[in-house]
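What follows is each chain in one-letter form.
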Amino acid sequence: MGISIFKIIGGLCLALVLALGCFLVYVTVTDYKPAEVTPLTVYNNNGAVLQQGQPLQVTTFNIGYAGLDAGQDFFMDGGSMARSSSKTQTVNNLEEITSFLKTSTSDIYLLQEVDVKSSRSYKVDEVSHITSEMPDYSHVFALNYKTPWVPLPVLHPMGSVQSGLVTLAKPKTSSHLRYDLPGKESWPYQLFELDRAFIESRFPVDNGKELVLLNAHLSAYDKGGHIRKQQLEYLNAYIEKESQHGNYLIIGGDWNHTLPGTDSKLFETTQGWPAWLQPFPADFLPEGFHWAVDPAIPSVRTLDVSYSEGVNFRAVIDGFLVSPNVEVTAVHGQELNFANSDHNPVTAEFVLK
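Quick caveat, the model's predicted, so the values are computed rather than measured.

*Asks:* In this structure, what is going on with the layout of surface pockets? I would like to understand it.
*Replies:* Rolled over the atoms, a probe as big as a water molecule pinpoints where empty space is left. Its volume calculated, the largest pocket comes out at about 790 Å³. Taken together, 44 residues form the lining of the largest pocket, with F74, M76, E193, L194 and Y221 sitting closest to its centre. Elements with a contribution of two residues or more to the lining of the largest pocket: β4 (138–150), α4 (226–243) and β13 (300–301). Of the residues forming the lining of the largest pocket, the biggest block, three residues, is contributed by β4. Classifying every residue of the lining of the largest pocket gives 23 nonpolar, 10 polar and 11 charged. Its volume calculated, the second largest pocket comes out at about 170 Å³. Taken together, Y179, E200, R202, Y234, A237, Y238, K241, E242 and H245 make up the full set of residues lining the second largest pocket. Counted by class, the lining of the second largest pocket contains four nonpolar, one polar and four charged residues.

Okay, here's the thing in structure tokens:
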């Protein structure tokens with residue numbers, strides 16, 4: 001009897017090891033490996049050419065796959081959840097986010113963490129929903145997270161993920177490229193991680209120049225910040241190269257660092273500084289470039305517990321970096337109290353000098 005039980009247990013262990021091996025082989029073979037630069041298709045590109053000297057309003061918003069509303073936590077931040085609480089809640093969050101976009105009247109929107117077909121958001125096509133509700137805007141989408149299955153948390157895994165960046169624009173665009181950011185986790189962890197990227201969008205200006213607009217989402221959970229360092233070095237090299245052409249440059253998005261000119265101590269909390277969050281490197285600032293941030297409104301909250309004002313640690317990690325020939329005339333965070341995402345949007349008004 002003892003030998004039979006031992007054989008059964010051994011057989012089950014062997015079957016488990018083989019199943020795990022097959023799974024790793026499958027996700028390795030199907031792993032998303034984008035080129036460094038990939039052309040993107042733009043839809044509904046019917047806008048007018050940008051006018052030099054006229055106000056241009058841009059909003060950046062990490063929508064948290066319409067699943068990280070105020071009632072949610074997230075396992076990577078110390079919580080227990082990876083999926084939206086329900087499809088109904090996902091749709092409700094998405095509708096509220098879209099309503100905000102429709103009523104805030106920005107000329108351009110830079111969105112991050114927008115799902116197209118993910119278990120965590122119950123397969124809701126968030127890109128189609130948002131773009132169909134905003135017919136006056138062109139749109140472009142770039143994947144930065146594609147994996148057949150994320151097996152964590154074990155009891156309620158994140159599952160399959162297809163997600164990315166969306167840029168919506170009223171002005172006419174001339175091209176869009178996806179730039180793959182460097183810095184990867186070791187195998188097999190990278191199989192289940194994001195492939196970080198930014199979208200480069202070019203807008204012709206009536207004075208013969210171009211506005212080069214980047215929609216970026218940098219890494220958050222890399223231990224020691226080594227990947228983030230590589231990404232910032234890559235971004236800095238891109239900025240230096242692009243600056244030589246005399247064009248206007250605006251970089252917006254989720255930087256996953258506390259941004260210069262902001263102080264998280266302004267926001268009441270009972271929590272300590274989260275391990276994943278780093279201050280922005282003091283030595284990163286291309287010559288003449290300046291930040292457009294709102295230090296008074298937090299743009300992100302911690303996700304180890306659901307949101308309660310005065311409890312969660314909050315910080316400003318979303319905003320814009322602009323070239324010397326771009327004037328910042330206004331910038332304000334939108335206080336949405338993290339009702340439908342773990343981020344608050346940030347809106348800035350610029351003038352191309």
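That was the structure; now back to the text.
*Asks:* Can you help me understand the pairing of strand β5 (residues 159–169) in this one?
*Replies:* In the case of a regular strand, side chains alternate between the two sheet surfaces. Most of β5 is tucked away, with 10 of its 11 residues classed as buried. Of the pairings in the sheet, the one linking strand β3 (residues 108–115) to β5 comprises six bridges and is antiparallel in character. Within the sheet, the bridge partner assigned to L111 lies in β5 and is V166. Bridge analysis of β4 against β5 gives 10 bridges, and the strand direction is antiparallel. From the neighbouring strand, F141 faces β5, where its bridge partner is V166.

*Asks:* Looking at this structure, how should I read the nonpolar core?
*Replies:* A general feature of soluble globular proteins is that nonpolar side chains tend to end up buried together. Formed by 22 residues in total, the largest nonpolar core has its most connected members in F198, Y238, I239, I251, W255 and L321. Mapped by element, the contributors of at least two residues to this core are β8 (210–217), α4 and β9 (248–254). Looking at this core element by element, the count peaks at five residues for α4. Not counting the four nearest positions on each side in its chain, L321 is found in contact with I239, L249, I250, I251, W255, F284, L285, P286, F289, H290 and W291. Counting residues in each nonpolar core, the second largest holds 20 residues, with A169, V326, A348 and F350 among its members.

*Asks:* Please clarify how the pattern of salt bridges should be interpreted in this entry.
*Replies:* A side chain with one charge may pair with a side chain of the opposite charge, provided their charged atoms come close. Throughout the structure, instances matching the rule amount to 11 salt bridges. One salt bridge in this structure joins R202 and E242, with 2.8 Å as the shortest N-O distance. With R202 in strand β7 (residues 197–204) and E242 in helix α4, the pair connects residues that are 40 residues apart, well separated along the chain. Judged by relative accessible area, R202 falls into the buried class, the value being 15%. A relative accessible area of 7% means that E242 is categorised as buried. Residue D222 pairs with R228 through a salt bridge whose shortest N-O separation is 2.8 Å. A cluster of three or more residues bridged by salt bridges with shared partners is formed by R178, D180, K184 and D195.

Each value, and the rule that gives it
Residues numbered from 1 in each chain as written. Predicted model: local features only at pLDDT ≥ 70, side-chain atom pairs only at ≥ 80, totals over all residues. Heavy atoms only, no water. 1 Å grid on protein atoms, 1.4 Å probe; cavity = no way out; pocket = protein on both sides within 12 Å on 5 of 7 lines; lining within 4 Å. Points joined across faces, edges and corners; volume = space filled by probe spheres on them. Helix = DSSP H or I, 4+ residues; strand = E, 2+ residues; numbered from the N terminus. Nonpolar A, V, L, I, M, F, W, Y, C, P; charged D, E, K, R; others polar. Buried < 20%, exposed > 50% of the residue type's maximum accessible area, 1.4 Å probe, protein only. Pairing = 2+ DSSP bridges. Core = buried A, V, L, I, M, F, W, Y, C linked by side-chain atoms within 4.5 Å. Contact = heavy atoms within 4.5 Å. Salt bridge = Lys/Arg side-chain N within 4 Å of Asp/Glu carboxyl O.

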